[in-house]
Amino acid sequence: MALVVICGQPCSGKSTAAACLADAIQSVDGPKPSVRIIDESSLHLGRNQSYADMPMEKNLRGVLRSEVDRSLSKNNIIIVDSLNNIKGYRYELWCLARAAGIRYCVIEDALTIDLQVFCDTADDTCRQWNRIREEMGESSYETKIFEDLVQRFEKPERRNRWDSPLFELFPSKDGISQSSSVIVDAVSHLTKKIDSKTRDVKVLQPTIATQTARATDANSLYEMDKATQEVINIIVEAQSQGLAGSSNRISMGHNLPAISFFYIDVHRPIGLPELRSLRRTFIKLTGQYSLSGPPPPSDAESAKRMFIDYLNRENGAA
């Protein structure tokens, strides 16, 4: 149904915002959508260990991305509660949402909403909250790791499609609660019903570039390969024996459903290398089409019919 990406500096209130958003979504009138928060703790990943060096951080993002990919569906709302501080990583999450054909938004804990003006104050606030967590024995960042993450934070930009729509929170100024105007606006965006007149809510549409390939039944591939090879064998045999005759038509049998006789037109001799090339192209095109269209045929008759139609079109064009 939706993917929500929470981003911000370390210890800026992201987890509190994620929890408030989840509770606010569950409190809406009508059917209650399923909400799941994905973060480091839910995957049993420690903050300091996960951000100790670049390879570990890269592995962390890969684990989070894989869990998001497995969890996305049109029946639930996924909230990614992590730093999400790299714009390239937010783009990858946006691609997952587009492939799933669901809504998407970014919520920023805007302690650093204007880096040139509020950066110093915001950093001090984050450091203070991190120190308080450490003193209370809660999960916190080591000083070296904290400073490194603060410096590498890449602020979301509204003009980027993977950072839009962007909802900005000011935890140190306004606090965070279910009644916060930003939380209310985000919940409205995520749960609003869409019709032909809706303009302020956009549902991402999958493309072949981002859509996950459909798992193809192994039997379909086997039947496709076997059926196309049988057609080629019949054509080669008929041409070698001159069975096409003056009509230039080769009978393909009479056992196809709803068709008494099925023929392939042969306006010129077609060599075996050309037939094999056409067969490879046909199988490749069928696989590509199945990404966005119906799956390839799983029965021999349908596969033969499609392949013969393809050969007749190609032979006619030639």
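By the naming in an unreviewed UniProt entry, the chain is Protein KTI12 homolog, taken from Zingiber officinale. UniProt, in the comment section headed Sequence similarities (unreviewed entry), describes the chain in these words: "Belongs to the KTI12 family."

Draft legend 1. Looking closely at the overall build of the chain. Along the chain, the regular secondary structure elements total 11 helices and seven strands. Each of the 318 residues in the chain was classed as buried or not, and the buried ones make up 43%. In the chain, once contacts between residues fewer than 6 apart in sequence are set aside, the share between residues at least 24 apart is 76%. Total accessible area on the chain stands at roughly 17100 Å², and carbon and sulfur atoms take up 51% of it.

Draft legend 2. Spatial organisation of the layout of surface pockets. The calculated volume of the largest pocket comes to roughly 190 Å³. In terms of lining residues, the largest pocket is bounded by Met1, Val28, Asp29, Pro31, Pro33, Thr191 and Lys193. The class makeup of the residues in the lining of the largest pocket is four nonpolar, one polar and two charged.

Draft legend 3. Examining the pattern of salt bridges more closely. One pass over the full model with this rule turns up 12 salt bridges. Between Arg152 and Glu57 there is a salt bridge, with the nearest N and O atoms lying 2.7 Å from each other. Taken as a pair, Arg152 in the loop between α6 (143-151) and β5 (166-169) and Glu57 in helix α3 (residues 54-71) lie far apart in primary sequence, 95 residues in all. Residue class for Arg152 comes out buried when judged on its relative accessible area of 19%. Three or more residues joined by partner-sharing salt bridges are found here, namely Glu57, Arg61, Asp148 and Arg152.

Draft legend 4. Summary view of the side chain of Ser180. Secondary-structure assignment places Ser180 in the loop between α7 (171-174) and α8 (181-191). Within the structure, the side chain of Ser180 is placed 3.0 Å from the backbone nitrogen of Ser177, a separation counted as a polar contact.

Draft legend 5. Inspection of α8 at higher detail. Of the positions making up α8, those classed as buried are Val182, Ile183, Ala186, Val187, His189 and Leu190. Angularly, the buried residues of α8 cover 160 degrees about the axis, an arc narrow enough to put them on a single face.

Draft legend 6. Summary view of unusual backbone geometry. A cis amide bond links Ser164 to the next residue, Pro165, at an omega of -5 degrees. Note on placement: Pro165 falls in the loop between α6 and β5. Positioned with a positive phi, His44 is a non-glycine residue whose angle comes to about 60 degrees. Tracing the chain through its elements places His44 in the loop between β2 (34-39) and α2 (47-50). Although it is not a glycine, Asn84 sits at a positive phi angle of roughly 45 degrees. Tracing the backbone shows Asn84 in the loop between β3 (76-81) and α4 (87-100). On the basis of relative accessibility, which here comes to 2%, the residue Asn84 falls in the buried class.

What counts and how
- Residues numbered from 1 in each chain as written.
- Predicted model: local features only at pLDDT ≥ 70, side-chain atom pairs only at ≥ 80, totals over all residues.
- Heavy atoms only, no water.
- UniProt positions renumbered as here; feature names shortened; annotations may be inferred.
- Helix = DSSP H or I, 4+ residues; strand = E, 2+ residues; numbered from the N terminus.
- Buried < 20%, exposed > 50% of the residue type's maximum accessible area, 1.4 Å probe, protein only.
- Contact = heavy atoms within 4.5 Å.
- Areas by Shrake-Rupley, 256 points an atom, 1.4 Å probe, with all protein chains shown as cover.
- 1 Å grid on protein atoms, 1.4 Å probe; cavity = no way out; pocket = protein on both sides within 12 Å on 5 of 7 lines; lining within 4 Å.
- Points joined across faces, edges and corners; volume = space filled by probe spheres on them.
- Nonpolar A, V, L, I, M, F, W, Y, C, P; charged D, E, K, R; others polar.
- Salt bridge = Lys/Arg side-chain N within 4 Å of Asp/Glu carboxyl O.
- Polar contact = N/O pair within 3.5 Å; in protein donor to acceptor, adjacent residues only side chain to side chain.
- Arc of directions from axis to C-beta.

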